[in-house]
Amino acid sequence: DQQVKQNSPSLSVQEGRISILNCDYTNSMFDYFLWYKKYPAEGPTFLISISSIKDKNEDGRFTVFLNKSAKHLSLHIVPSQPGDSAVYFCAASDSGGSNYKLTFGKGTLLTVNP
Amino acid sequence: DTGVSQDPRHKITKRGQNVTFRCDPISEHNRLYWYRQTLGQGPEFLTYFQNEAQLEKSRLLSDRFSAERPKGSFSTLEIQRTEQGDSAMYLCASSVPGQGRGAYGYTFGSGTRLTVV
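Everything quoted here is computed from the prediction, not taken from an experiment.

Here is what the cut-offs are and how they apply
Starting afresh in each chain, residues are numbered from 1 along the sequence in its written order. Each chain takes a letter, starting from A, and each ligand takes a number, starting from 1, following the order in which they are written. Totals for whole chains, interfaces and linings use every residue, but because this is a predicted model, local features are given only for residues with pLDDT of at least 70 and side-chain atom pairs only at 80 or more, for both listing and counting. Remark: hydrogens and water are excluded; side-chain values derive from all non-hydrogen atoms of the structure. Any two strands with at least two DSSP bridges between them are considered paired. Runs of E in the DSSP output that reach at least two residues are strands. Runs of H or I that reach at least four are helices, and both are numbered from the N terminus. Angles shown run from 0 to 180 degrees and are taken between the N-to-C directions of axes, each axis being a line fitted to C-alpha atoms and, for helices, limited to the stretch in contact. Each patch is assembled from residues with relative accessible area greater than 30% and no salt bridge, linking like charges that lie within 9 Å and nonpolar side chains (Val, Leu, Ile, Met, Phe, Trp, Tyr) that lie within 5 Å. The accessible surface values rely on the Shrake-Rupley method and a 1.4 Å probe; as for residues, cover is taken only from the protein chains in view. The rule for a salt bridge is simple: a side-chain nitrogen of Lys or Arg has to be within 4 Å of a carboxyl oxygen of Asp or Glu. Whether two residues touch is decided by their heavy atoms; if any such pair falls within 4.5 Å, the residues are in contact. In short, buried area is how much 1.4 Å probe accessible area vanishes from two parts on joining, totalled over both. Residues were grouped as follows: Ala, Val, Leu, Ile, Met, Phe, Trp, Tyr, Cys and Pro as nonpolar; Asp, Glu, Lys and Arg as charged; and all remaining residues, including Gly, as polar. When a residue's accessible area, from a 1.4 Å probe over protein chains only, is under 20% of the maximum for its type it is buried; when over 50% it is exposed; and in between it is partly exposed.

So what's going on with the sheet that holds strand S7 (residues 65–68) of chain B? Residues and values would help.
Residues and elements named next belong to chain B. With respect to topology, four strands assemble into an open sheet ordered S1-S3-S8-S7, the strand pairing being antiparallel. Looking at which strands have only one partner, the edges of the open sheet turn out to be strand S1 (5–7) and S7. Across the sheet, the mean angle from the axis of one strand to that of its neighbour is 15°, orientation sign disregarded. Where strand S3 (residues 19–24) and strand S8 (residues 75–79) come together, five bridges link them in antiparallel fashion. Across the sheet, residue Thr20 finds its bridge partner in S8, namely Glu78.

Right under this line is the structure:
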(Lines give C-alpha, C1' and ligand atoms only; values in the text may rest on other atoms or scores of the structure.)
Protein backbone atom coordinates (compact mmCIF):
# COMPACT_ATOMS: atom_id res chain seq x y z
CA ASP A 1 0.00 0.00 0.00
CA GLN A 2 1.62 3.20 -1.23
CA GLN A 3 0.98 5.79 1.47
CA VAL A 4 2.91 8.51 -0.35
CA LYS A 5 2.28 8.79 -4.07
CA GLN A 6 4.12 10.71 -6.72
CA ASN A 7 2.10 9.99 -9.81
CA SER A 8 4.36 11.70 -12.31
CA PRO A 9 7.51 9.63 -12.89
CA SER A 10 9.07 12.47 -14.87
CA LEU A 11 8.74 16.16 -15.65
CA SER A 12 10.54 18.28 -18.20
CA VAL A 13 10.65 22.09 -18.09
CA GLN A 14 12.56 24.89 -19.73
CA GLU A 15 15.20 26.82 -17.84
CA GLY A 16 13.71 29.87 -16.17
CA ARG A 17 10.18 28.48 -16.03
CA ILE A 18 8.36 27.08 -13.01
CA SER A 19 8.64 23.42 -12.05
CA ILE A 20 5.73 21.97 -10.09
CA LEU A 21 6.14 18.56 -8.52
CA ASN A 22 3.13 16.93 -6.91
CA CYS A 23 2.65 14.46 -4.09
CA ASP A 24 -0.42 12.83 -2.54
CA TYR A 25 -0.68 10.92 0.70
CA THR A 26 -3.27 8.64 2.22
CA ASN A 27 -2.27 8.36 5.88
CA SER A 28 -4.15 10.96 7.94
CA MET A 29 -1.59 10.57 10.73
CA PHE A 30 1.15 12.15 8.63
CA ASP A 31 1.87 15.61 9.96
CA TYR A 32 5.32 16.48 8.69
CA PHE A 33 6.33 16.52 5.06
CA LEU A 34 9.65 16.87 3.30
CA TRP A 35 11.17 16.99 -0.13
CA TYR A 36 14.50 15.40 -0.91
CA LYS A 37 16.58 15.77 -4.05
CA LYS A 38 18.76 12.99 -5.40
CA TYR A 39 21.50 13.05 -7.99
CA PRO A 40 22.73 9.78 -9.55
CA ALA A 41 25.23 7.85 -7.40
CA GLU A 42 24.53 10.09 -4.38
CA GLY A 43 22.26 9.81 -1.39
CA PRO A 44 19.13 11.98 -1.14
CA THR A 45 19.68 15.54 0.07
CA PHE A 46 17.16 17.35 2.25
CA LEU A 47 15.57 20.27 0.41
CA ILE A 48 12.60 21.75 2.28
CA SER A 49 9.96 20.70 4.78
CA ILE A 50 6.57 21.75 6.08
CA SER A 51 4.61 21.02 9.19
CA SER A 52 0.91 20.28 8.97
CA ILE A 53 0.13 23.42 10.94
CA LYS A 54 1.27 25.46 7.94
CA ASP A 55 0.08 25.60 4.36
CA LYS A 56 3.18 27.13 2.80
CA ASN A 57 6.89 27.21 3.40
CA GLU A 58 9.37 29.09 1.26
CA ASP A 59 13.15 28.85 0.97
CA GLY A 60 14.71 30.82 -1.84
CA ARG A 61 13.56 29.41 -5.16
CA PHE A 62 11.75 26.53 -3.47
CA THR A 63 8.21 26.69 -2.05
CA VAL A 64 6.21 23.82 -0.66
CA PHE A 65 2.42 24.04 -0.46
CA LEU A 66 0.31 21.76 1.70
CA ASN A 67 -3.43 21.14 1.25
CA LYS A 68 -4.39 18.97 4.21
CA SER A 69 -8.02 18.53 3.21
CA ALA A 70 -6.94 17.14 -0.15
CA LYS A 71 -3.95 15.29 1.35
CA HIS A 72 -1.82 16.90 -1.32
CA LEU A 73 1.44 18.78 -1.37
CA SER A 74 3.45 20.34 -4.11
CA LEU A 75 6.95 21.69 -4.60
CA HIS A 76 7.40 24.78 -6.76
CA ILE A 77 10.81 25.70 -8.13
CA VAL A 78 11.05 29.20 -9.61
CA PRO A 79 13.01 29.88 -11.70
CA SER A 80 14.13 26.39 -12.69
CA GLN A 81 17.82 25.90 -13.44
CA PRO A 82 19.62 23.08 -15.26
CA GLY A 83 21.35 22.16 -11.98
CA ASP A 84 17.92 21.35 -10.53
CA SER A 85 17.74 18.30 -12.80
CA ALA A 86 17.50 15.36 -10.38
CA VAL A 87 15.03 12.92 -8.85
CA TYR A 88 12.78 14.58 -6.27
CA PHE A 89 11.29 12.48 -3.46
CA CYS A 90 8.34 13.48 -1.36
CA ALA A 91 8.44 12.06 2.18
CA ALA A 92 6.11 12.11 5.15
CA SER A 93 6.18 11.26 8.83
CA ASP A 94 3.85 10.70 11.73
CA SER A 95 5.50 12.68 14.51
CA GLY A 96 3.37 10.88 17.09
CA GLY A 97 6.24 8.44 17.38
CA SER A 98 9.71 9.45 18.42
CA ASN A 99 11.63 7.69 15.70
CA TYR A 100 11.25 10.30 12.97
CA LYS A 101 11.16 7.64 10.29
CA LEU A 102 10.06 8.71 6.84
CA THR A 103 7.77 7.18 4.22
CA PHE A 104 8.93 8.13 0.74
CA GLY A 105 7.18 8.33 -2.60
CA LYS A 106 8.68 6.74 -5.71
CA GLY A 107 10.16 9.99 -6.94
CA THR A 108 9.81 12.29 -9.92
CA LEU A 109 12.68 12.81 -12.34
CA LEU A 110 12.92 16.52 -13.14
CA THR A 111 14.79 17.57 -16.25
CA VAL A 112 15.44 21.27 -16.75
CA ASN A 113 16.42 22.01 -20.33
CA PRO A 114 18.75 24.94 -21.09
CA ASP B 1 34.66 15.45 5.21
CA THR B 2 32.08 15.46 7.99
CA GLY B 3 29.28 13.81 6.03
CA VAL B 4 27.85 10.32 6.40
CA SER B 5 30.27 7.74 5.06
CA GLN B 6 29.29 4.32 3.76
CA ASP B 7 31.56 1.47 2.82
CA PRO B 8 31.77 -0.22 0.40
CA ARG B 9 30.14 1.81 -2.36
CA HIS B 10 29.50 -1.27 -4.43
CA LYS B 11 29.31 -4.95 -3.56
CA ILE B 12 28.72 -7.88 -5.89
CA THR B 13 28.16 -11.19 -4.18
CA LYS B 14 26.97 -14.65 -5.05
CA ARG B 15 23.62 -15.84 -3.81
CA GLY B 16 23.96 -17.49 -0.44
CA GLN B 17 26.97 -15.47 0.70
CA ASN B 18 26.99 -13.14 3.69
CA VAL B 19 27.71 -9.44 3.28
CA THR B 20 28.35 -6.64 5.76
CA PHE B 21 28.08 -2.90 5.18
CA ARG B 22 29.41 -0.13 7.36
CA CYS B 23 28.08 3.36 8.05
CA ASP B 24 29.91 6.17 9.83
CA PRO B 25 27.41 8.90 10.76
CA ILE B 26 28.13 12.55 11.46
CA SER B 27 29.82 12.49 14.86
CA GLU B 28 27.33 14.65 16.77
CA HIS B 29 24.27 12.87 15.35
CA ASN B 30 22.81 10.37 17.80
CA ARG B 31 20.11 9.01 15.50
CA LEU B 32 21.07 6.58 12.74
CA TYR B 33 18.81 5.04 10.13
CA TRP B 34 19.10 2.35 7.48
CA TYR B 35 16.92 2.55 4.39
CA ARG B 36 16.78 0.38 1.29
CA GLN B 37 16.03 1.64 -2.21
CA THR B 38 15.18 -0.69 -5.06
CA LEU B 39 14.93 0.31 -8.71
CA GLY B 40 12.04 2.66 -9.37
CA GLN B 41 11.13 2.99 -5.72
CA GLY B 42 11.77 5.52 -3.02
CA PRO B 43 13.86 4.69 0.04
CA GLU B 44 12.13 2.28 2.47
CA PHE B 45 12.78 2.35 6.21
CA LEU B 46 14.63 -0.66 7.59
CA THR B 47 15.77 0.18 11.11
CA TYR B 48 16.61 3.00 13.51
CA PHE B 49 19.14 3.50 16.31
CA GLN B 50 19.23 6.13 18.99
CA ASN B 51 22.78 5.98 20.29
CA GLU B 52 23.53 2.26 20.61
CA ALA B 53 19.92 1.16 21.09
CA GLN B 54 18.06 -0.30 18.11
CA LEU B 55 14.58 1.10 18.72
CA GLU B 56 12.63 -0.02 15.68
CA LYS B 57 12.87 -2.60 12.93
CA SER B 58 10.73 -2.74 9.81
CA ARG B 59 9.02 -5.96 8.83
CA LEU B 60 11.19 -5.67 5.72
CA LEU B 61 14.12 -6.66 7.93
CA SER B 62 13.87 -10.44 7.85
CA ASP B 63 15.78 -12.74 10.18
CA ARG B 64 18.62 -12.77 7.66
CA PHE B 65 19.27 -9.11 8.35
CA SER B 66 20.98 -7.78 11.46
CA ALA B 67 22.15 -4.31 12.33
CA GLU B 68 24.33 -3.11 15.15
CA ARG B 69 25.65 0.17 16.42
CA PRO B 70 28.23 -0.60 19.10
CA LYS B 71 29.06 2.30 21.39
CA GLY B 72 26.63 4.50 19.51
CA SER B 73 29.12 5.39 16.80
CA PHE B 74 29.40 3.54 13.47
CA SER B 75 26.82 0.98 12.42
CA THR B 76 26.96 -2.26 10.48
CA LEU B 77 24.24 -3.98 8.48
CA GLU B 78 24.76 -7.67 7.79
CA ILE B 79 22.78 -9.78 5.37
CA GLN B 80 23.16 -13.54 5.72
CA ARG B 81 22.48 -16.04 2.93
CA THR B 82 21.87 -13.30 0.39
CA GLU B 83 19.08 -13.68 -2.18
CA GLN B 84 18.64 -11.98 -5.53
CA GLY B 85 15.79 -9.96 -4.05
CA ASP B 86 18.27 -8.34 -1.69
CA SER B 87 19.81 -6.47 -4.62
CA ALA B 88 19.28 -2.80 -3.84
CA MET B 89 20.91 0.42 -2.69
CA TYR B 90 21.34 0.42 1.08
CA LEU B 91 21.29 3.94 2.45
CA CYS B 92 22.43 5.08 5.86
CA ALA B 93 21.34 8.41 7.34
CA SER B 94 21.90 10.27 10.57
CA SER B 95 20.19 13.16 12.29
CA VAL B 96 20.35 15.32 15.39
CA PRO B 97 18.13 15.12 18.45
CA GLY B 98 15.10 17.33 18.67
CA GLN B 99 12.11 17.89 16.46
CA GLY B 100 11.14 19.42 13.18
CA ARG B 101 13.58 20.08 10.40
CA GLY B 102 16.64 19.06 12.41
CA ALA B 103 15.35 15.64 13.29
CA TYR B 104 13.79 14.98 9.91
CA GLY B 105 16.37 16.61 7.73
CA TYR B 106 18.50 13.53 7.61
CA THR B 107 21.96 13.55 6.16
CA PHE B 108 22.20 10.52 3.89
CA GLY B 109 25.33 8.75 2.84
CA SER B 110 25.96 7.87 -0.79
CA GLY B 111 24.80 4.34 -0.20
CA THR B 112 26.10 0.82 -0.80
CA ARG B 113 24.83 -0.75 -4.00
CA LEU B 114 24.45 -4.51 -3.53
CA THR B 115 24.13 -6.84 -6.48
CA VAL B 116 23.41 -10.50 -5.77
CA VAL B 117 24.18 -12.78 -8.71
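Can you explain a nonpolar patch on the surface? Please cite residues and give values.
Residues A:Ile18, A:Ile20 and A:Val78 make up a contiguous nonpolar surface patch of roughly 220 Å² in combined accessible area. Inspection of the secondary structure assignment puts A:Ile18 in the loop between strand S2 (10–14) and strand S3 (19–25).

Which residues make up the interface of chain B and chain A, and what are the values?
Taken residue by residue, the interface counts 24 residues in chain B and 24 residues in chain A. Across the chain B to chain A interface the summed buried area is about 1900 Å²; carbon plus sulfur atoms make up 56%. When the buried area of chain B at its contact with chain A is split by residue, B:Arg101, B:Tyr104 and B:Phe108 rank highest and sum to 34% of it. For A:Lys101, the salt bridge identified is with B:Glu56, shortest N-O distance 2.6 Å. Listing elements by their share of the side of chain B that touches chain A, those giving two or more residues are strand S4 (31–37), strand S5 (44–50) and helix H1 (100–104) of chain B. Grouping the amino acids of the side of chain B that touches chain A by side-chain chemistry returns ten nonpolar, ten polar and four charged.

Provide a residue-level description of unusual backbone geometry, including the pertinent values.
Cis geometry marks the peptide bond from A:Val78 to A:Pro79, where omega comes out at -10°. Inspection of the secondary structure assignment puts A:Pro79 in the loop between strand S8 (72–77) and strand S9 (86–93). The step from B:Asp7 to B:Pro8 runs through a cis peptide bond, and the omega angle for that step is -5°. Counting through the fold element by element, B:Pro8 comes out in the loop between S1 and strand S2 (10–13). Non-glycine residue B:Asn51 carries a positive phi angle of around 55°. Mapping B:Asn51 onto the fold places it in the loop between S5 and strand S6 (53–57). A positive phi angle is found at B:Arg81, which is not glycine, with a value near 50°. Residue position: B:Arg81 is located in the loop between S8 and strand S9 (88–95). Judged by its relative accessible area of 46%, B:Arg81 falls in the partly exposed class.

Summarise the pattern of salt bridges; cite the residues concerned and give the values.
One pass over the structure, following the stated rule, counts six salt bridges over all chains. Salt-bridge contacts for A:Arg61 lead to A:Asp84; the nearest nitrogen and oxygen are separated by 2.8 Å. With a gap of 23 residues between them, A:Arg61 in the loop between strand S6 (56–59) and strand S7 (62–67) and A:Asp84 in the loop between S8 and S9 connect regions that are remote in the sequence. Two residues, B:Arg64 and B:Glu83, come together in a salt bridge whose shortest N-O distance is 3.5 Å. With a gap of 19 residues between them, B:Arg64 in the loop between S6 and S7 and B:Glu83 in the loop between S8 and S9 connect regions that are remote in the sequence. B:Arg64 gets classed as buried once you look at its relative accessible area, which sits at 11%.

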